[in-house]
Amino acid sequence: MFYAYGSSIAGWNHCRPVIAVDATFLKSKYRGVLMISVSKDANNQIFPLAFGIAESENNNSYEWYFSQLRNAIGSRENLIFLSDRHQAIANGIVKVYPESHHGICIYHLEQNLKRRKVKSEVIKLFQSAARVYKRKEFDIYMSDIANVDKKTYDYLMEEPPERWARSCSPRRRYDMLTTSIVELNSLLLEAKELPILRMMDFIQVKLQDWFYERRNKAEGTFYDVSCWVEEELKKRIDLAFTLNVFPVDSWRSRVEEEGITFLVDLNKRTCDCFQFQLDELSCIHAIAVIEKRNIKKSDFCSHWYLKESWLKTYERQIHPVGHTDSWIVPESVKSQIVKPPDFKVPPGRRQKKRHIPATEPSKITFKCGRCRRIGHNRTACIYSPALHPFSRKHREE
């Protein structure tokens, strides 16, 4: 089953052309997976686009899902998809959206490195290589990885850097380097155990609240840009005051930062640091020039970040479906008999909680029953005067 709300389809035209795709397992009687597509609005918040339900993550399911997605929202210029490394997603995108670019979520790639027991030093180098804006800096970090751990370097280069490194991507990823649907997953935690129709109702009510609250927030802001952009610019203004600006002509200026010179062109909206043109949001060098010339900062932000786009994103509401008695159902639909899916009950108790990978930090905290300190249990306690017969201190004595 596939569905997308009309308000999401209309609002998508005012979001950045980046779609994150992921799937989460359902825990109701018939199991299956819930496929989710999201983007980000002008305020950098998750904007849900479409949902799909299939039996599992496989080639046929994703090809069907992307076909339905294309029928609903169409395609756009410079479109880019983000996902994990699931091969079925890549195959579906190639078949249905051949004109788009498929990027990889760097969080999932980082988790793969942790599962391979890669050193933390190498993981930090990978994060820097994936996030930098300049290709030269990317090459420096990758050469450092090759010097420290050649196997990890070879593993990373199995995937073309164009798919995971911001500086190498042929299209703008903006600040969307991960699929980042944690907010949506926490929202669906309770819904995943419901039957499909009840889950749809649950999602609809939640999205109604989201659209209402965000529309009110957009209407209440006094800025020309979204609240998130205004906060980002304020942070960068504090850093920009430490820079030296030297005008070159009516549009270009030379900016010095710690002995390094950057050329900023406000007309072309470019900077030698490449952040200005890749994020389409003023970098600290551009802000230093804008402040020096006393120009309006919002004039040099992409229209994706403006208050006007934020309002248009949530312009349409998600209406309640009403009671079933008020529905006008065509006879062609009434006559259809929908049978439950073919389903084989697996042995064992139905799993409710997700498996926490060893790469994720544990949220469980131990509290000692003897000394009441956190971080160990009473068996490992070395602080209590009354020794446990199996405690570490007792064994040492």
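Residues numbered from 1 in each chain as written. Predicted model: local features only at pLDDT ≥ 70, side-chain atom pairs only at ≥ 80, totals over all residues. Heavy atoms only, no water.

Caption draft 1: Structural view of the packing of helix 2 (residues 59-73) against helix 3 (residues 87-96). For the pair helix 2 and helix 3, the least separation of the axes is 8 Å and the interaxial angle reads 45°. Considering the angle they form, helix 2 stands oblique to helix 3. Considering how the two elements wind past one another, helix 2 and helix 3 form a crossing that is right-handed. Within the contact between the two elements, helix 2 uses N59, Y62, E63, F66, S67 and R70 and helix 3 uses Q87, A88, I89, N91, G92, I93, K95 and V96. Looking at the contact of helix 2 with helix 3, its residues break down into six nonpolar, five polar and three charged. (Axes fitted to C-alpha atoms, helices over the stretch in contact; angles between N-to-C directions. Helix = DSSP H or I, 4+ residues; strand = E, 2+ residues; numbered from the N terminus. Parallel < 35°, antiparallel > 145°, perpendicular 65-115°, else oblique. Left-handed = near helix turned anticlockwise from the far one by under 90°. Contact = heavy atoms within 4.5 Å. Nonpolar A, V, L, I, M, F, W, Y, C, P; charged D, E, K, R; others polar.)

Caption draft 2: Geometry of the pairing of strand 9 (residues 260-265). Summarising the sheet, strand 8 (residues 252-257) and strand 9 pair through six bridges and their orientation is antiparallel. Its bridge partner being in strand 9, R254 is matched across the sheet by L263. Where strand 8 hands over to strand 9, the hairpin turn is made up of two residues, of which E258 adopts a positive phi near 50°. Of the pairings in the sheet, the one linking strand 9 to strand 10 (residues 270-271) comprises two bridges and is antiparallel in character. Its bridge partner lying in strand 10, V264 is registered against C271. Here strand 9 folds back onto strand 10, and the loop between the two strands holds four residues, one of which, R269, carries a positive phi near 60°. (Pairing = 2+ DSSP bridges.)

Caption draft 3: Looking closely at the packing of aromatic side chains. Evaluation of the coordinates by the stated rule reveals 13 aromatic pairs. Centre to centre, the rings of Y3 and F51 are 5.4 Å apart; their planes meet at 20°, and the pair counts as stacked. Residue Y3 is found in strand 1 (residues 2-3), and its partner F51 is found in strand 4 (residues 46-54); the two are separated by 48 residues along the sequence. On the accessibility criterion, Y3 (11% relative accessible area) is buried. Given the relative accessible area of 2%, F51 is considered buried. A ring pair is formed by F47 and Y314, whose centres lie 5.6 Å apart and whose planes are at 75°; its orientation type is edge-to-face. Of the two residues, F47 sits in strand 4 while Y314 sits in the loop between helix 13 (307-313) and helix 14 (331-334), which places them 267 residues apart along the sequence. Pair check on accessibility: F47 and Y314 agree, each one buried. Ring pairing ties together the aromatic residues F2, Y62, Y65, F66, F81 and Y97, which thus form one cluster. Between the NZ or CZ atom of R16 and the centre of the ring of Y174, over which it lies, the distance is 5.9 Å. The ring of W12 carries the charged tip of R76 above its face, separated from the ring centre by 4.2 Å. (Phe/Tyr/Trp six-rings, centres within 6.5 Å; stacked < 30°, edge-to-face > 60°. Buried < 20%, exposed > 50% of the residue type's maximum accessible area, 1.4 Å probe, protein only. Lys NZ or Arg CZ within 6 Å of the ring centre and 35° of its normal.)

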